[in-house]
Structures are given as C-alpha cells and as structure tokens.
Amino acid sequence: MHFDKAIDTNTNEARKPEIITLYNATKGAVDNMDRMTENYTVARKSFRWPLTVFYSMLNIGGVNAQIIYQENCPHNKKTRLDFLKCLSRELMKEHMEYRCTIISLPKEIKNKIVKYGFRVNATEEIQRFRQSGRCSFCDRNKDRKTTKVCTNCARLICRDHLIEMCPSCCEEM
C-alpha cells in the first residue's frame with residue numbers, strides 16, 4: 001500500500017493514491033486534538049525542544065483528563081476553562097501547602113498563596129513571631145538566649161527545658 005502507485009477508485013476525477021485517501025480518512029482525531037489544545041495551552045516560546053515536548057504532553061494530558069472526568073461524572077458538566085482551572089489547582093495544592101510552611105518565605109508570596117485559596121498554617125506564623133531572646137523558664141541571672149519556640153504558646157524555650165513543648169503546655173495536657 002505505501003510503496004505502490006495504486007489509485008483509489010472511489011476518488012473518481014481527483015485520482016488520489018490510496019495512501020492519501022487513507023490518511024485523510026483517519027486524521028480527524030489529530031485535527032480534533034489540535035483544536036482542543038489550541039484555545040487553552042500551557043505552551044510558551046522556547047528554543048529547548050524537551051520543554052516544547054513537555055508543554056505538548058501537558059496539553060494532551062489536560063484533554064485526556066477532561067475526557068476521563070466527563071465519562072466518570074456525566075452529571076457534572078464543566079467548561080474546558082473551568083476544568084483546567086480546577087485541575088491546575090489540584091496539581092498545585094500539595095506544593096503550595098508545603099511552601100506555606102517555609103518560615104523564610106516572603107510575606108508577599110504567602111499573601112498571594114492565600115489569595116488563590118490555599119491556607120497558611122497558624123503554627124508557622126506563631127514561630128516566626130519571635131526570632132531570638134531569653135528562655136521563659138530559666139532564671140534571669142542565667143540569661144540563656146534561644147531561638148527555639150514552643151509549638152503551642154510560642155514562648156521562647158532553651159535546650160534544657162525543651163521537650164516537644166514547654167513545661168506549662170505539658171501540664172495543661
């Protein structure tokens with residue numbers, strides 16, 4: 001079929017080779033995929049071909065994920081844009097929650113993360129409140145400086161008094 005010059009008899013006057021008519025008959029899915037990935041694409045201009053291939057894989061994966069989702073949940077129809085937004089949030093969720101736990105993360109970035117619907121853990125915010133100082137449980141004449149903070153009440157605590165939390169929080173439990 002690929003190497004002979006046989007003309008397809010069904011093409012009448014056009015007289016196309018059989019390989020051309022076969023290609024035209026089976027290329028519909030490729031055109032449909034290109035049309036679906038064209039409107040909402042993650043691709044950016046790049047001179048590195050592995051990155052271009054990765055962008056194409058993400059685009060095709062987004063289409064495939066939507067098809068699977070629609071087959072599994074036929075009652076819950078979403079537009080392509082809404083589905084891609086939901087998919088991207090779910091893919092970012094774990095990473096964004098991890099980034100919120102980083103104490104040295106700039107406040108502007110944390111605010112942007114919160115703006116997009118991810119929550120910041122309160123314990124990390126408490127720990128950032130005090131940077132260093134005197135232990136809350138040592139005598140003042142010992143003057144022990146520390147950077148360790150109780151995970152419950154955010155009081156400064158030295159290594160001698162450090163358990164997992166300060167002694168007064170342990171008593172409360």
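Predicted, not measured: the structure shown is a model, and the values here were computed from it.

Reading the values: the criteria
Residues numbered from 1 in each chain as written. Predicted model: local features only at pLDDT ≥ 70, side-chain atom pairs only at ≥ 80, totals over all residues. Heavy atoms only, no water. Helix = DSSP H or I, 4+ residues; strand = E, 2+ residues; numbered from the N terminus. Areas by Shrake-Rupley, 256 points an atom, 1.4 Å probe, with all protein chains shown as cover. Phe/Tyr/Trp six-rings, centres within 6.5 Å; stacked < 30°, edge-to-face > 60°. 1 Å grid on protein atoms, 1.4 Å probe; cavity = no way out; pocket = protein on both sides within 12 Å on 5 of 7 lines; lining within 4 Å. Points joined across faces, edges and corners; volume = space filled by probe spheres on them. Nonpolar A, V, L, I, M, F, W, Y, C, P; charged D, E, K, R; others polar. Patch = residues over 30% accessible without salt bridge, like charges linked within 9 Å, V, L, I, M, F, W, Y side chains within 5 Å. Salt bridge = Lys/Arg side-chain N within 4 Å of Asp/Glu carboxyl O. Buried < 20%, exposed > 50% of the residue type's maximum accessible area, 1.4 Å probe, protein only. Axes fitted to C-alpha atoms, helices over the stretch in contact; angles between N-to-C directions. Left-handed = near helix turned anticlockwise from the far one by under 90°. Contact = heavy atoms within 4.5 Å. Disulfide = S-S within 2.5 Å.

Chemist: How do you make sense of the overall build of the protein when you look at a structure like this?
Modeler: When you go through the protein residue by residue, the secondary structure sums to 7 helices and 2 strands. Put simply, the protein runs from its N terminus to its C terminus through helices and strands in the order α-α-α-α-α-α-β-β-α. Surface exposure of the protein reaches about 13,700 Å², of which carbon and sulfur atoms provide 54%.

Chemist: Would you mind showing me how to read the packing of aromatic side chains here?
Modeler: Two numbers describe a pair of aromatic rings. These are the distance of the centres and the angle of the planes. Counting across every chain of the model gives 1 aromatic pair. Seen in terms of ring centroids, Tyr69 and Phe83 are 5.4 Å apart; in terms of plane orientation they differ by 40°. Their pairing is tilted. Taken as a pair, Tyr69 in helix 3 (residues 49-72) and Phe83 in helix 4 (residues 80-100) lie far apart in primary sequence, 14 residues in all.

Chemist: How do you make sense of the layout of surface pockets when you look at a structure like this?
Modeler: Any space left empty among the atoms is revealed by the rolling of a water-sized probe across them. Looking at the largest pocket, its volume works out to about 340 Å³. Put simply, the parts of the chain that give the lining of the largest pocket at least two residues each are helix 3 and helix 4. With 8 residues, the single largest contributor to the lining of the largest pocket is helix 4. The residue makeup of the lining of the largest pocket, split by class, is 8 nonpolar, 5 polar and 2 charged.

Chemist: Explain a nonpolar patch on the surface to me, please; I cannot follow it from the model alone.
Modeler: Taken together, the side chains of Val42, Phe54 and Leu58 present a nonpolar region at the surface, about 250 Å² in accessible area. For Phe54, the location among the structural elements is in helix 3. Residue class for Phe54 comes out partly exposed when judged on its relative accessible area of 43%.

Chemist: Where do I start with unusual backbone geometry in this structure?
Modeler: Even without a glycine there, the phi angle at Asp143 is positive, about 50°. Structurally, Asp143 can be placed in the loop between strand 1 (133-134) and strand 2 (145-146).

Chemist: Help me understand the packing of helix 4 against helix 5 (residues 107-115), please; the structure alone is not making it clear to me.
Modeler: Relative orientation and spacing of two packed helices are given, respectively, by the angle between their axes and the distance between those axes. For the pair helix 4 and helix 5, the least separation of the axes is 10 Å and the interaxial angle reads 145°. For the pair helix 4 and helix 5, the sense of crossing is left-handed. Across the interface between the two elements, Met96, Arg99 and Cys100 from helix 4 touch Ile109, Lys110 and Ile113 from helix 5. Its residues assigned to classes, the contact of helix 4 with helix 5 comprises 4 nonpolar, no polar and 2 charged.

Chemist: Teacher, can you tell me more about the side chain of Gln66 here?
Modeler: Topologically, Gln66 is positioned in helix 3. A relative accessible area of 6% means that Gln66 is categorised as buried. Sequence-distant contacts of Gln66, defined by excluding residues within four places in its chain, comprise Lys78, Thr79, Arg80 and Phe83.

Chemist: What am I meant to see in the state of the cysteines here?
Modeler: For the coordinates displayed, the defined rule picks out 0 disulfides. Considering cysteine sulfurs only, Cys158 is the nearest to Cys135, which forms no disulfide, with 3.6 Å between them. Summary of cysteine pairing: Cys138 is not part of a disulfide, and the nearest cysteine sulfur, belonging to Cys158, is at 3.5 Å. Judged by relative accessible area, Cys138 falls into the buried class, the value being 11%.

Purely spatial values, then, with no claim about function.
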